[in-house]
Amino acid sequence: MIRALRHRANASLVAGWLNISLGMIIMLCLGTVYSWSIFRVSVENHFNVGSTLSGLPYLVSLAVYSVSMLLSGRLLDRHTPRDMALVGGLLVGLGWFLSSFAGSIYAVVVSFGVITGAGVGIVYGVPIAMAARWFPDKSGIMVGLVLAGFGLSPLVTAPLAGYLISTIGLLSAFRLLGISFILLIPFLSLPIKNPPNHGKRAGLLGQGPSGNLLPKEILTRRGFKGIYLSFLIGTMIGLLLIGMTSNIGMELFGLSSASTAMLMSVFAVFNGVGRPFFGWLVDRLSIKKSMLFSYALIFTAALLILLVRSQGALLFALTFSVFWFNLGGWLAIAPAATLALFGQEHYGRNYGIIFTAYGFGAVIGVIS
């Protein structure tokens, strides 16, 4: 009897880690949207547009991605995580693939911005929900680990995209990436599943003082406003500064484009590491203390830029590592806070509502 229980526990642990590992790789694929800046110069040359229009597909994809998260949360309660990842993965790849046939920048807005953005939003919530369901007692750090794949994606996908554009051209790069994602994401999603006793445990796990709340119930809770506003501010600051990183490095700190590009790879690591770190911090301390710690880091980094007159590579590397680190952190704090305060049973739908703050923060941060 004891041996059977141990065997079952070990099998469950292996299955849980398999879901975590696959989730990280899927997130790595989804995070290719963060490498859009690599495509922008080629997009501007190919479609004969300026920087404003070349950034429009990326802006739209972030907005659609956040809205589709709201819709997919409800679907995740009704369909299996595998089915959600299959459909979303096909949309992600289809958007990239159709971009290779675009005749104008506005066609890319529809293909990459709307179709790929919708696919990313549909898939995004699946690995997060699986991490929380398989490891309910360590949901913060496990969600952070899965999200690290999204944050670290530019380390892999940005050099890959640059190589493809230089060797086979912009449109062929779109096409190859699209075909790869159409094949890869659905394949990786095949083993993904809920834990065997998910239905029985849903009403018991993840209950904070508020219990397992329905989406309509969280809107009236005091904690909702605090999480939503904090997530919006943290996202807005992070995306605003990340979008300006290259320009600030060259114009304010006097670095070369090569040095700035090299440091942005370092920043991507901090962005990825910030997710499991803040997930762990929420597990160990509290939501409020984690939020305050993040704001203190951002304030300190901003103050250093204002007060330190010797503006060289070291100050730039230090402060912007902090900014990128904290953007990753907020993308771990928000889901962990949603689980802790509102429960696990309706997590997909509840986090979909919370995640619209990311959409608003992205639009404000990118266009500012």
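Residues numbered from 1 in each chain as written. Predicted model: local features only at pLDDT ≥ 70, side-chain atom pairs only at ≥ 80, totals over all residues. Heavy atoms only, no water.

Participant: Please explain the overall build of the protein as it appears in this structure.
Facilitator: Per the secondary structure count, the protein includes 16 helices and zero strands. In terms of its C-alpha atoms, the protein occupies a principal-axis envelope of roughly 65 × 50 × 40 Å. Pairs at least 24 residues apart make up 82% of the contacts formed inside the protein by residues separated by at least 6 positions. Accessible area of the protein: about 16,200 Å², with a carbon and sulfur share of 69%. Averaging the positions of the 23 positive and the 8 negative side-chain charges in the protein gives two centres separated by 7 Å. (Helix = DSSP H or I, 4+ residues; strand = E, 2+ residues; numbered from the N terminus. Contact = heavy atoms within 4.5 Å. Areas by Shrake-Rupley, 256 points an atom, 1.4 Å probe, with all protein chains shown as cover. Lys, Arg positive; Asp, Glu negative; His and termini not counted. Charge placed at Lys NZ, Arg CZ, Asp CG, Glu CD.)

Participant: How should the environment of Phe 325 be read in this particular structure?
Facilitator: By the element assignment, Phe 325 lies in helix α15 (residues 313-342). Residue classification places Phe 325 among the buried positions, given a relative accessible area of 13%. Sequence-wise, Phe 325 and Leu 190 are 135 residues apart; in three dimensions their C-alpha atoms are separated by 32 Å. Among residues more than four places away in sequence, those in contact with Phe 325 are Phe 270, Asn 271, Val 273, Gly 274, Phe 277, Phe 278 and Leu 297. (Buried < 20%, exposed > 50% of the residue type's maximum accessible area, 1.4 Å probe, protein only.)

Participant: Looking at this structure, how should I read empty space enclosed by the protein?
Facilitator: To find leftover empty space, a probe the size of one water molecule is rolled over the atoms. In this structure the tally under the stated criterion is two cavities of 30 Å³ or more. What the largest cavity holds in volume is close to 70 Å³. Lining the largest cavity are Met 69, Ser 72, Gly 73, Leu 76, Met 84, Ile 122, Gly 125, Val 126, Tyr 347, Gly 348 and Tyr 351. At the level of elements, α4 (56-78), α6 (105-134) and α16 (347-367) are the ones that each hand at least two residues to the lining of the largest cavity. Here the lining of the largest cavity takes four residues from α4, the largest share from any one element. Of the residues assigned to the lining of the largest cavity, the class counts are seven nonpolar, four polar and no charged. Here the second largest cavity is characterised by a volume of approximately 30 Å³. In the lining of the second largest cavity, the residues fall into four nonpolar, three polar and no charged. (1 Å grid on protein atoms, 1.4 Å probe; cavity = no way out; pocket = protein on both sides within 12 Å on 5 of 7 lines; lining within 4 Å. Points joined across faces, edges and corners; volume = space filled by probe spheres on them. Nonpolar A, V, L, I, M, F, W, Y, C, P; charged D, E, K, R; others polar.)

Participant: What's the story with α4 in this structure? I'm lost.
Facilitator: Note: α-helices contain 3.6 residues per turn, so residues at a spacing of three or four share the same orientation. With 23 residues, α4 ought to run about 33 Å at 1.5 Å a step, and its terminal C-alpha atoms sit 33 Å apart, in line with that. Along α4, the helix axis deviates most sharply at Leu 71, where the bend reaches about 30 degrees. (Expected span 1.5 Å × (residues − 1). Bend = angle between axes of the 7 residues up to and from the residue.)

Participant: Is there a simple way to think about a nonpolar patch on the surface in this case?
Facilitator: A cluster of nonpolar side chains, Leu 155, Val 156, Val 266, Val 269, Phe 270 and Val 273, forms an exposed patch at the surface whose accessible area comes to about 430 Å². Contributing elements (two or more residues each) for the nonpolar patch: α7 (139-168) and α13 (257-284). Of the residues forming the nonpolar patch, the biggest block, four residues, is contributed by α13. Taking relative accessible area as the criterion, Val 273 reaches 41% and is therefore assigned partly exposed. (Patch = residues over 30% accessible without salt bridge, like charges linked within 9 Å, V, L, I, M, F, W, Y side chains within 5 Å. Salt bridge = Lys/Arg side-chain N within 4 Å of Asp/Glu carboxyl O.)

Participant: In this structure, what is going on with the side chain of Thr 157? I would like to understand it.
Facilitator: Considering the arrangement of structural elements, one finds Thr 157 in helix α7. The exposure class of Thr 157 is buried, given its relative accessible area of 10%. Apart from residues lying up to four places away in sequence, Thr 157 is in contact with Leu 28, Thr 32 and Ser 35.

Participant: I keep staring at the environment of Ser 321 and nothing clicks. Help me out?
Facilitator: For Ser 321, the location among the structural elements is in helix α15. Taking the C-alpha atoms as reference, Ser 321 lies 7.5 Å from Val 266; in sequence the two are 55 residues apart.

Participant: What exactly am I supposed to notice about the packing of aromatic side chains here?
Facilitator: Remark: the centre distance and the inter-plane angle together describe each pair of aromatic rings, the angle taken between the planes. All told, the structure shown has 35 aromatic pairs when counted by the stated rule. With a centroid separation of 5.4 Å and 85 degrees between ring planes, the pair formed by Tyr 124 and Phe 150 is classed as edge-to-face. One end of the pair, Tyr 124, is in helix α6; the other, Phe 150, is in helix α7, and 26 residues separate them in sequence. Feature note: the residues Tyr 65, Tyr 124, Phe 150, Phe 231, Tyr 347, Tyr 351, Phe 355 and Tyr 358 constitute an aromatic cluster, connected by ring pairs. Against the face of Phe 101 rests Arg 175, its NZ or CZ located 5.0 Å from the ring centre. (Phe/Tyr/Trp six-rings, centres within 6.5 Å; stacked < 30°, edge-to-face > 60°. Lys NZ or Arg CZ within 6 Å of the ring centre and 35° of its normal.)

Participant: What is the right way to look at the packing of α4 against α6 in this model?
Facilitator: Working note: a packed helix pair is described by the angle between its axes plus the distance between those axes. Remark: α4 packs on α6, axes separated minimally by 6 Å, with the N-to-C direction vectors making an angle of 40 degrees. The pairing of α4 with α6 is recorded here as oblique in orientation. Two packed elements cross with a definite hand, and for α4 against α6 that hand is right-handed. Here the contact of α4 with α6 is built from residues that sort into 19 nonpolar, seven polar and two charged. (Axes fitted to C-alpha atoms, helices over the stretch in contact; angles between N-to-C directions. Parallel < 35°, antiparallel > 145°, perpendicular 65-115°, else oblique. Left-handed = near helix turned anticlockwise from the far one by under 90°.)

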